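# Residue-level structure breakdown
Take a look at the letters that make up each chain.
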Amino acid sequence: MIVAERKPFAEILANARGADKVLLVGCNTCVAICLAGGEKEVAVTAAQLRLALRGEGRALRITERCVERQCEPEFNEDLGEAIAAHDVVLSMACGVGVQTLAEQFPEAIVYPALNTTFMGRPEERGVWSERCLGCGDCVLDKFGGVCPITRCSKNLLNGPCGGSANGRCEVDPENIPCAWQLVYDRLVRIGQLDRLMAVEPPKDWSTARHGGPRRAVREDTVP
Ligand code: SF4
Ligand code: SF4
């Protein structure tokens, strides 16, 4: 899932302040699961905005909406009328959702209300951690399903650095396990430790962001 967190309220308020009518649009998928931009968070943010602006003597009209997946235009089609009736749209989706709205409704002023952080998974209640950088050439098969590119603080592909101690990463021992300890433990568990005898060549980053913005084309589905 895509993990995001709400922007500092002052930033959201600054973007709403110049408008008379604001449309707050949440998304019921990833950002709802990470408690950043679902229906509840839209309601809380709208209430905070009303309160803050009332304190400034302004009666801002705020409309709350939430769509199933803001990153897919078909889910946003019903928003057209509401968007046209408001001065500013505050999107509580990830950056993809924000840009989808802006592209789909080119006349609309669309601002982000969240900071999109990473692709990850929930670890425990209220804690999410990063799992994939979207490198475009997955190597999880070689490392027992643990991604050293994402989970090693130095993106090392041929074993740990000298700072690994007691299974923890020297960059932040309290919060980050050493990815290479995880790789080793996992390969032992599944009987594939010999995989570590292979020397990994330097990674070809052209499939990642280093080749510019990426596109995925499935020729078999293109009409
Ligand atoms: S190897 Fe690449 S695609 Fe696979 S999990 Fe890691 S960053 Fe993501
Ligand atoms: S301690 Fe482990 S996770 Fe941290 S940078 Fe070194 S090898 Fe990577």
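Here, the structure is the one placed above.
Here's a quick rundown of the structure.

Reading the values: the criteria
Residues numbered from 1 in each chain as written. Chains lettered and ligands numbered in written order. Predicted model: local features only at pLDDT ≥ 70, side-chain atom pairs only at ≥ 80, totals over all residues. Pairing = 2+ DSSP bridges. Helix = DSSP H or I, 4+ residues; strand = E, 2+ residues; numbered from the N terminus. Axes fitted to C-alpha atoms, helices over the stretch in contact; angles between N-to-C directions. Contact = placed C-beta atoms within 7 Å. Near = placed C-beta within 6 Å. Nonpolar A, V, L, I, M, F, W, Y, C, P; charged D, E, K, R; others polar. Core = buried A, V, L, I, M, F, W, Y, C linked by C-beta atoms within 7 Å. Buried ≥ 20, exposed ≤ 12 C-beta atoms within 10 Å, placed from the backbone.

Attention now moves to the sheet that holds strand S2 (residues 21-27). Sheet strands line up and pair through hydrogen bonds in the backbone, either parallel or antiparallel. Read across the open sheet, the 4 strands follow the order S3-S2-S4-S5; overall the sheet is parallel. Here the strands that pair on one side only, and so sit at the sheet edges, are strand S3 (61-67) and strand S5 (110-112). For this sheet the average axis-to-axis angle between neighbouring strands, irrespective of direction, equals 25°. Inspection of the sheet shows strand S4 (residues 88-92) paired to S5 by 3 bridges, in the parallel sense. In the strand pairing of S5, Ser-91 is matched with Pro-112. Sheet contacts for helix H1 (residues 9-17): S2, S4 and S5; angle to S4, the most-contacted strand, approximately 155°. Sheet strands in contact with helix H3 (residues 39-55) are S2, S3 and S4, and its direction is about 170° off that of S3.

In the vicinity of ligand 2 there are 14 residues, among which Cys-152, Pro-160, Cys-161, Cys-169 and Cys-178 approach most closely. A per-class count over the shell around ligand 2 returns 9 nonpolar, 3 polar and 2 charged.

So, about the nonpolar core. The biggest cluster of nonpolar side chains holds 36 residues, and the ones touching the most others in it are Ala-4, Leu-24, Val-25, Val-31, Val-89, Leu-90 and Met-92. Taken together, the elements giving at least two residues each to this core come down to strand S1 (2-6), H1, S2, helix H2 (30-33), H3, S3, S4 and helix H5 (95-104). In terms of residues, this core owes the most to one element, S2, which gives 5 residues. Aside from chain neighbours lying at most four places away, what touches Val-25 is Arg-65, Cys-66, Val-67, Gln-70, Leu-79, Val-89, Ser-91, Met-92 and Leu-101. If you look at the next biggest cluster of nonpolar residues, it comprises 11 residues, including Phe-143, Val-146, Cys-147 and Tyr-184.

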